[in-house]
Amino acid sequence: MGAWDQRENYVREGKPSYLDERRFTQVGRSVPRIDGPAKAKGESIYTADMVLPNMVYGKIKRCKEYAHAKIKKIDCSKALALPGVLAVLTGDEAPNKWGIVPASANETALAVDKVRFYGEGVAAVAAIDEETAEAACDLIEVEYEPLPVLLDPFESMARASEVIIHENAPDNIMHKGDQIYGDVDKAFEKCEYILEREFKTGRPQQCYIEPMSAVASYDTQNGLLRLWASSQVPHYLHRQMSIVLEMPMSKIRVTLPTVGGGFGGKGEAASSEFVACLLSRKLGMPVKVTYDRDEVFFTSKGRHPCYMKWKIGLDKDGYIQAVDFDNTLDKGAYAGWGVVVMFYTASMVHLPYKVPNARTHVRNVYTNKPTTGAMRGLGGVQPRFAMECMLDELAEMMGISPYELKMKNAIESGYTAINNMYTPHTEYKKCLQTAVEKSGYLEKHGKLPFGKGIGLAGGYYITGTAYTLYQSYKPHTSVTIKVDTEGGVTVLCAAAEIGQGCNTVMAQMAAEALGVHYEDVHVQTGDTEIGSFDLGSFASRLTYGSGYAIREAAKEINEKLKAMAGGVLGCRADQLIIKDRKIYSMFEPKFTIDWATVVQKYVNSVGALIATGHFSPPRRKGIDIITGNRVQGANIGHSPTFGFSCQVHEVDVDVETGRVYVKKVTEAGDCGTAVNPMSVDGQVEGSIVFNMGAALYEEMKFDANGKHLNPNFHDYKCPTFMEMPDMDTNIVESYDPTAPFGVKETGEGAVQPTFPAITNAIYDAIGVRFYEVPITPEMILKALKEKKEKEAGCGCGCS
Amino acid sequence: MKQLIKLEINGRVYDVPVSPRDVLADVIRKKVGLTGTKKGCGMGDCGACTVLVEGKPILSCITLAITCNGKKITTVEGLALPDGQMHPIQEAFVNQGAIQCGFCTPGMLMSAKGLLARNPKPSLYDIKHEMSGNICRCTGFKRIIEAIEVASETMSEGVK
Amino acid sequence: MFMNQFEYFAPKTPGEAFELMGRLGSKARILAGGTELVILMKDRIIRPECLIDINNIEEFKGIKYEPGKGMVIGATTKIADIQYSEIVKRKYYALADAAGEIGSSQVRHMGTIGGNSCNASPSAETPTPLVAYGATVVVSSATGEREMPLEEFIQGVRMIDLKEGELLTKFKLPEPSPKLVGRYAYMGARDANEIDFVNMAVTLELEDDKQTVKSVKLVMGSVFIKPLISTAVTALLTGQKFSDELAAKAAEATQGEAKPITDVRASAEYRHEIVGVLARRLLKEAFGAAQEV
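How each quantity is defined
- Residues numbered from 1 in each chain as written.
- Chains lettered and ligands numbered in written order.
- Predicted model: local features only at pLDDT ≥ 70, side-chain atom pairs only at ≥ 80, totals over all residues.
- Contact = placed C-beta atoms within 7 Å.
- Helix = DSSP H or I, 4+ residues; strand = E, 2+ residues; numbered from the N terminus.
- Nonpolar A, V, L, I, M, F, W, Y, C, P; charged D, E, K, R; others polar.
- Pairing = 2+ DSSP bridges.
- Axes fitted to C-alpha atoms, helices over the stretch in contact; angles between N-to-C directions.
- Parallel < 35°, antiparallel > 145°, perpendicular 65-115°, else oblique.
- Left-handed = near helix turned anticlockwise from the far one by under 90°.
- Domains from an automatic or database assignment.

1. Topic: the interface of chain B and chain C
Taken together, the contacts link 23 residues of chain B with 24 residues of chain C. By residue number, the principal contributor to the side of chain B that touches chain C is strand 4 (residues 56-59) of chain B, which donates four residues. Each residue belonging to the side of chain B that touches chain C can be placed in one class, and the counts come to eight nonpolar, 11 polar and four charged.

2. Side note on the sheet that holds strand 13 (residues 213-221) of chain C
Residue and element names in this part refer to chain C. Read across the sheet, four strands follow the order 11-12-13-14 without closing on themselves; strand pairing throughout is antiparallel. With one partner strand each, in any of the chains shown, strand 11 (181-187) and strand 14 (228-230) form the two edges of the open sheet. Averaged over neighbouring strand pairs, the angle between their axes works out to 20 degrees when direction is ignored. With three bridges connecting them, strand 13 and strand 14 associate as antiparallel partners. The residue of strand 14 that forms the bridge with leucine 218 is serine 230. Contacts from helix 12 (residues 268-292) reach strand 11, strand 12 (198-206) and strand 13 within the one sheet, and its direction differs from that of strand 12 by about 30 degrees.

3. A look at the packing of helix 11 (residues 402-409) of chain A against helix 12 (residues 428-439) of chain A
All names here are of chain A. Closest axis-to-axis distance for the helix 11/helix 12 pair is 9 Å, and the angle between their directions is 165 degrees. Viewed along their axes, helix 11 and helix 12 adopt a mutual orientation that is roughly antiparallel. Crossing geometry of helix 11 relative to helix 12 is assigned as left-handed. Listed contacts from helix 12 to Tyr403, Lys406 and Met407 of helix 11 are Lys429, Leu432 and Val436.

4. Topic: the environment of A:Leu82
Residue and element names in this part refer to chain A. With respect to the secondary-structure elements, leucine 82 resides in the loop between helix 2 (77-81) and strand 3 (85-90). Separated by 616 residues in sequence, leucine 82 and glutamate 698 place their C-alpha atoms 40 Å apart. Leave out the neighbours within four places in its chain, and leucine 82 touches Thr132, Ala135, Ala136 and Leu139.

5. Quick word on the domain arrangement of chain B
Residue and element names in this part refer to chain B. Taken as a whole, chain B is organised into domain 1 (3-78) and domain 2 (88-159). Spacing between the C-alpha centres of domain 1 and domain 2 amounts to 21 Å. On the domain 2 side, the residues contacting the 15 residues of domain 1 number 13 residues. Mapped onto the side of domain 1 that touches domain 2, the elements with two or more residues apiece are strand 3 (50-53) and strand 4.

6. Comments concerning the sheet that holds strand 12 (residues 287-290) of chain A
Residues and elements named next belong to chain A. Reading across from one edge, 3-5-1-12-9-10-11 is the order of the seven strands in this open sheet, with mixed pairing throughout. Since the sheet does not close on itself, it has two edges, and those belong to strand 3 and strand 11 (252-255), each with one partner. On average, each strand axis in the sheet is tilted by 20 degrees relative to the strand beside it, whichever way the strands run. As paired strands, strand 9 (residues 213-219) and strand 12 are joined by four bridges and run antiparallel to one another. Each bridged residue has a counterpart across the sheet, and for alanine 216 the counterpart in strand 12 is valine 287. Each of strand 1 (56-62), strand 3, strand 5 (121-127), strand 9, strand 10 (224-229) and strand 12 is contacted by helix 7 (residues 271-283), which is oriented at about 25 degrees to strand 9, the strand it contacts most.

Given below as structure tokens:
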């Protein structure tokens, strides 16, 4: 049970319950998830579990020779001759470029003319079984002409005159941008404390346990294509499929079976999906393509390594005056989410602290490595790491506690940042306070024995975006609610349940809005044909977006039921309350009738009740609020509201082996109203362990030729049970009055503070600051050795 | 050339034609049709494919099916009680919030079953140590541990 | 990836196994636990034409202890059976400890002690304590048996002293002196599911004064092509009164003996550093334990 259940947040003095929109009965319950039993019994069907009549299997031939090479010739004749092989496919058969951001779309279903990273798909086979398909892939002969391999973004920029990765990027830069607000240089002149640092972040991957899988079935008679896929963005996948297959979206239907995690890695279309569809259209029979784990490592777009230069200035009282941030991102081979991630890193400067002057220069650079993209907390994790570590250093320069410095600069509700980002509500200070008090941070920080340390860091994240990734002003989420005497309450939305629990939370919100119980609601998501429109599960957008649409749809249904009930009860409809499966008069409780009875009467006299609600986010412009001028890329970063959190990590550093053990994490989060506190705690615990791995050991490694050295779980190290720290997660009391049910986000905000909290704790433990993650045992030992030599070399007793 | 083998899965006997190279996970999933057992890595590193062979947790993605000829196998579908009610371990996983995406869950449940069969009252360290072959990327493990603790309690009450 | 097609044999007696091995020769590979072999086959690093599964041969399984004579462990005994065995824990603590740190619970229920040595991977866990306890291996064939110390059986990376037609069938561990203690330690990036950067076992016995080292043997894994016995530790500590300084000196000496390599998991420099740390800690831990005996 979460902390929420032990408190009575919703009982507010002096306000009758029917007038208190915050007195919830279904929202705020730690109900077990709707899909739990089926998952526990092994009955949930994931894409790879599906078998359709006459289904055949596809496999992708990947380039394992080079990370950058021209394709001179592909000879599939031997593969086609293998018994059991039904079709082959090469990139030139589907050359239309796809990409989630239309302006930078530059991927093809399979490589066309050249390969740009080790493991890129060059051809595909359909065969009667996977074994045959794989054997056929081995028989495909590809002739390559190797090209120089660029693995480092700086080398990539420097050698652009000699070798380019994409024709339309002659400098090997995918995109770059500058954002300048206020007068940064002048502000620095007046600063008392100025710190300049360089940071670097590693190359982790999502590592969801379910590899991508796709089943496609093309009906040659009516030209309809069905695609079942393990995706978190059915809508964007739908669009990309339409582009690559040159078919109208109305002829394609995307359905999500149960999805085994995504964390951003399934937030784009995948080759498996295109290949399954293309082969199915070629053959007129269903085709399944399921990835092996190494294929997931090659193609799932992990986190961008960032090479960051920072300068932060404080006035004599410790108020931030200026931030100067320069970021070079390692894009890998293709654009993907690149533009968005890059500008997110720039936007992260503006919260959760007040920054009156800011300048960011960002560039995202192509390299011959697997493409980077959207990974949990995209664009936030890297700058948050740097900023929170630097604030600790600045606090030390000032001789105050990092807690004091962060409290001093923390934003408050109603804050508008200099880039016009507006925060309607925040309990960030309460997060800092709670985590600090519960962990005993102030008593421990700077006072623990050598080798033991405690570190504090905060963070925030968006609750959905302000814009779609393509030019469109349609609502971002639509929810249809159907109430009838057969199915009861059914919520229809093309959202993606990827394990985060949106179906459960949507059921709770719908039950709350309709005055019924969570158990009465059926939620149908993950189907572009059945559900009303939704953009997908990314940017921590779904609870807010669907909550808004649910509330709208429910309002319409409630009005109709109240009118019906008013007639039956003989009272005015606007004086009726719907709660707890009953409809009653707010003044005369004896005027009451069962909700189900009213539904029956309505259906019998009118027919099924159906209503659709929509959510469109407020569209704030990315402008400089002083000049009012538009700023390039600054529409990215706005959100209807923001979630906030703070983590305090306690670590033991084995100073002889360099191993870092995260012992205890105290977390406090402002997720607005916790619709399902148990689910919130689960998201937070998962987030902490997720980024603890990337802070300490997770790293995709490449050799000098760009060959991926550890595309497996032996050598790419995810945290195990043994690494799990003791975790105390706290949901601070919060209610965003601008949000449906007062909700915000928690799925990505909680990963933000982990890198800097661990890094700050390591500093507290051993007196060495790290500016790079992952912080490996070797780095710790080397740093300790250098520290010792330095101290010995000085000899004056100073430190 | 295929050979016919006998697998006793969840109390039912299946005669299945297999090639020697067929791994148990594929045979259970594709030939027997029990898709509750998952493949997450195919190399024995993630534990999603864990099943019990003669009561012991093994990795079905790196076990040759042919080596299980005549053996008793339990998969996640065989955990529930005969009337379809969830096993206390399954119930605890659901109620404690130990399930998010659910892809690691079948393997987790089978490892937990193997652990509790051998050690009905495991310590926190025992749980962490013996479960560490199962990777979960969603939950951070905490609620899975709690679920195993709850199941251990429930099951020992049942014995009394 | 899928394995190549192969023929599968599951002999029930040693005789049948030897007959098959004689007939199939180098075309066949032996399948024990399969936790390494199947992965190598799935990665297409090896593509044997035949597999001989020796798990159904009762003679090759089991843990037998006879007081005064020591222990015999069949080559296809599961790692988990060693991890959980009370008698192994009591008599050969470091071996039970090492067994419990192999891979995962599932791997321990699949893998065999014979396989752990026959793979001849430098990072293997059990050869280190086995060598420390002075284990010998019995290699059998249709024509007879050979017995040799484990450190001679393992010759290098994926190289073992097995001639065509021969099988590793058992490990023999001498009866430990009642006062001998054994300890095991390892270091990896995580605390589970790990391929060790370095592992190490030590056996140590004190004189009646509980201070003077009567005998000591330290063995290192993952720092050389095979388990490496430290001659320096034995030379420095035997007959000496144990002290922290002496342990530190001995540990430093092990760093001179280890010859680690750099790979995707750790650098040679780091392994070198860890050898010294583990050796010092392990010697102190073993000394502390020996005082309690």
